[in-house]
Amino acid sequence: MKKYLITVALLVGGLAFVGCESKQENAQEELTEAQKEAKEASAEVTEDLTEAKEEATAKRQEIVAELKQEEREFLVTMEERRMEIKSRIEKLDRDIDKANSSEKIRLRAQRDRLDTRLKDVDNDIAELKGGLKRDWKEFKSDFQKNIDELKRDLKD
C-alpha cells in the first residue's frame, strides 16, 4: 500500500509539474504573441500618423493655393475699380470745366468723394500686394463696403 501511495504521489507530482510547465510555456507564448501584436499595432499607428500628416500638409497647400488665386482675382477686380474711379474723375474734371458756378460746386463735391474712394482703393491694393496684416475675410468685406459706396457715388 505504501508503494501504491508513493506511486500515486509521484504520479500526481509529475502531472502537477507537467501542468506547471505547460502553464509557463503558455504564458511565454501569450507574452510573445502580445509583444508581436503590440509591435504591429505600433507600426500601424505610425503609418496612420504619417499618412494623416501628409494629408494635412496636402490640404494646407491646397487651401493656400486657393487663397492665393482668390487674392490674385480680387486684385484684378480692385484694379478694375480703380480704373473706373479714375475714368469717372477725368469725366468730372471735363464737366467741371464746362459747368456753371453752382454746378461746379456739386461736381467738385462728387470729385472729392471719388478722390477719397480712389485713395481707399489704392491703400487696399497696397495692403494686398504688401501682405495682409488682417484677416482675409475682414479685408474682403471692408473692400466690398467701399465698392458699394463707390457705386452709390458713381450714380450721383
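Residues numbered from 1 in each chain as written. Predicted model: local features only at pLDDT ≥ 70, side-chain atom pairs only at ≥ 80, totals over all residues. Heavy atoms only, no water.

Caption draft 1: Molecular detail of the overall build of the protein. For the protein, the helix and strand inventory stands at 3 helices and 0 strands. The order of helices and strands in the protein, counted from the N terminus, is α-α-α. Burial analysis of the protein (156 residues in total) assigns 16% to the buried set. Look at the contacts in the protein between residues 6 or more apart in sequence, and 68% of them connect residues 24 or more apart. (Helix = DSSP H or I, 4+ residues; strand = E, 2+ residues; numbered from the N terminus. Buried < 20%, exposed > 50% of the residue type's maximum accessible area, 1.4 Å probe, protein only. Contact = heavy atoms within 4.5 Å.)

Caption draft 2: Quick peek at empty space enclosed by the protein. Counting across every chain of the model gives 1 cavity of 30 Å³ or more. Taken as a whole, the largest cavity encloses approximately 30 Å³ of empty space. Those elements that provide at least two residues to the lining of the largest cavity are helix H2 (101-129) and helix H3 (136-155). Residues of the lining of the largest cavity, tallied by class, amount to 4 nonpolar, 1 polar and 2 charged. (1 Å grid on protein atoms, 1.4 Å probe; cavity = no way out; pocket = protein on both sides within 12 Å on 5 of 7 lines; lining within 4 Å. Points joined across faces, edges and corners; volume = space filled by probe spheres on them. Nonpolar A, V, L, I, M, F, W, Y, C, P; charged D, E, K, R; others polar.)

Caption draft 3: Seen up close, the environment of Ile85. Of note, Ile85 is situated in helix H1 (residues 2-98). Note on Ile85: relative accessible area 0%, which makes it buried. C-alpha separation for the pair Ile85 and Val121, spaced 36 residues apart in sequence, amounts to 9.4 Å. Once residues lying within four places of it in the same chain are set aside, the contact partners of Ile85 are Leu114, Arg117, Leu118, Val121 and Leu150.

Caption draft 4: Fine view of H2. For H2, which comprises 29 residues, the first-to-last C-alpha distance of 41 Å matches the rise-based estimate of 42 Å (1.5 Å per residue) to within 8%. Buried within H2 are the following residues: Leu107, Gln110, Leu114, Arg117, Leu118, Val121, Asp124, Ile125 and Leu128. Taken from the residues just after H2, Gly131 is the one with a positive phi, measuring 95 degrees. (Expected span 1.5 Å × (residues − 1).)

Caption draft 5: Structural context of the pattern of salt bridges. Applying the stated rule across the entire model yields 9 salt bridges. The partner of Glu79 in a salt bridge is Lys129, with the nearest N and O atoms 3.7 Å apart. A residue pair is termed long-range when its members are at least 10 positions apart, and Glu79 in helix H1 and Lys129 in helix H2 qualify at 50 residues. Residue classification places Lys129 among the exposed residues on the basis of a relative accessible area of 57%. Connected through salt bridges with shared partners, the residues Asp93, Arg111 and Asp115 form a single ionic network. (Salt bridge = Lys/Arg side-chain N within 4 Å of Asp/Glu carboxyl O.)

Caption draft 6: Highlighting the confidence of the model for the protein. Across the protein, the average pLDDT comes to 80, with 84% of residues at or above 70. The weakest mean pLDDT in the protein belongs to H3 at 77; the strongest belongs to H2 at 88. (pLDDT = per-residue confidence, 0-100.)

Caption draft 7: Representation of the nonpolar core in the model. Of all hydrophobic cores here, the largest spans 18 residues; its most connected members are Phe74, Met78, Ile85, Leu114, Leu128, Phe139 and Phe143. Broken down by secondary-structure element, the contributors of at least two residues to this core are H1, H2 and H3. Setting aside its immediate chain neighbours within four residues, Leu128 contacts Glu71, Phe74, Leu75, Met78, Trp136 and Phe139. (Core = buried A, V, L, I, M, F, W, Y, C linked by side-chain atoms within 4.5 Å.)

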